[in-house]
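Observations on the three-dimensional arrangement
Residues per chain, in single letters:
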Amino acid sequence: MMSRNRRVAFARAAMAALGLASMAAVQAADPTPAERAIEYRQAVFKVVAGNFGPLAQAAQGKVMLQPQSVRQYGERLAAVADFARDAFPPISSEGKTRARPEIWSDRASFDQLVNEFGEKTRALAAVAARADAGSDEFKSAVGAVGNTCKGCHDKFRAR
Ligand code: ASC
């Protein structure tokens, strides 16, 4: 049998643990608007990578894609590029993010790069519609998109 003091200490520890657990649950269930905006952005970039990745692999001869898939990844990449452009509201500048503050303090430079990304993805979608992942034209369109990804990351994404 525990002493009274031990029982009180045990009960207090249990209540503290429950309190912490419920606080954690509240935080998980209720992200702040900034957290939501950052999560949304990261989701958009996962979809960007999920569509560009296979095209980049195909351009390097690492995977063989069905012609239909080449077209579809191209279209979806171009569509999601618009989402990426709109995924940087000012509220999302602070928090757990590698997005650098210059995105918001030097917005014109950022917008120019993000618009180039949109243009190059549309050009790639047009080439991908012809579904020849072995063509030089396709490889060069993929390379152009990759360069816009890298250019913006080098300047506006923290390492
Ligand atoms: C990708 C990806 C990037 C770009 C970049 C291109 O597939 O996730 O961030 O390409 O590596 O240079």
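Refer to the preceding data block for the structure.
In short, a report on the structure. These figures come from a predicted structure and were not determined experimentally.

This next bit is on the environment of P67. The residue P67 is located in helix 3 (residues 67-85) in this model. P67 sits 65 residues away from D132 along the chain, and the two C-alpha atoms are 7.1 Å apart.

Take the side chain of T121 next. As for its position among the elements, T121 is in helix 5 (residues 107-128). For T121, the residues in contact, after removing those within four places along its chain, are L77, A78, A81 and V145.

A separate point is the site of the ligand. Neighbouring the ligand are F52, G146, C149, K150 and H153. In this structure, G146 approaches the ligand through a main-chain N or O atom, which is 3.4 Å from an oxygen atom. H153 is positioned with one of its side-chain polar atoms (N or O) 3.4 Å from an oxygen atom of the ligand. Protein coverage of the free-state accessible area of the ligand, which is 310 Å², stands at 55%. Among the elements that line the shell around the ligand, the one with the most residues is helix 6 (residues 136-156), at four residues.

Bringing the pattern of salt bridges into the picture now. Per the counting criterion, the structure on display carries six salt bridges. Measuring nitrogen to oxygen at the nearest pair gives 3.6 Å for the salt bridge that ties R100 to E102. Taking the shortest distance from any N to any O, the salt bridge between K150 and D154 comes out at 2.7 Å. Placement of both K150 and D154 in helix 6 is noted, with a separation of four residues, approximately one turn of the helix. Classification of K150 as partly exposed rests on a relative accessible area of 49%. We classify D154 as partly exposed; its relative accessible area is 37%. Sharing partners across several salt bridges, the network here consists of D82, R85 and D86.

Moving on: the packing of helix 3 against helix 5. For the pair helix 3 and helix 5, the least separation of the axes is 8 Å and the interaxial angle reads 165°. In terms of orientation, helix 3 and helix 5 fall into the roughly antiparallel class. Between helix 3 and helix 5 lies a crossing whose hand is left-handed. Between helix 3 and helix 5, the residues in contact are V70, R71, G74, E75, L77, A78, A81, D82, A84 and R85 and R107, V114, N115, F117, G118, T121, R122, L124, A125 and A128, respectively. Residue composition of the contact of helix 3 with helix 5, by class: ten nonpolar, four polar and six charged.

Here we come to helix 5. Spacing of three or four residues puts side chains on the same side of an α-helix, whose turn is 3.6 residues. Helix length check: helix 5, at 22 residues, gives a terminal C-alpha distance of 31 Å against a target of 32 Å (1.5 Å per residue), a fit within 8%. Those residues of helix 5 lying buried are F110, V114, F117, G118, T121, L124, A125, V127 and A128. The inward-facing, buried residues of helix 5 abut helix 2 (33-59), helix 3, helix 4 (102-105) and helix 6.

Cut-offs applied
- Residues numbered from 1 in each chain as written.
- Predicted model: local features only at pLDDT ≥ 70, side-chain atom pairs only at ≥ 80, totals over all residues.
- Heavy atoms only, no water.
- Helix = DSSP H or I, 4+ residues; strand = E, 2+ residues; numbered from the N terminus.
- Contact = heavy atoms within 4.5 Å.
- Near = heavy atom within 4 Å.
- Polar contact = N/O pair within 3.5 Å; in protein donor to acceptor, adjacent residues only side chain to side chain.
- Areas by Shrake-Rupley, 256 points an atom, 1.4 Å probe, with all protein chains shown as cover.
- Salt bridge = Lys/Arg side-chain N within 4 Å of Asp/Glu carboxyl O.
- Buried < 20%, exposed > 50% of the residue type's maximum accessible area, 1.4 Å probe, protein only.
- Axes fitted to C-alpha atoms, helices over the stretch in contact; angles between N-to-C directions.
- Parallel < 35°, antiparallel > 145°, perpendicular 65-115°, else oblique.
- Left-handed = near helix turned anticlockwise from the far one by under 90°.
- Nonpolar A, V, L, I, M, F, W, Y, C, P; charged D, E, K, R; others polar.
- Expected span 1.5 Å × (residues − 1).

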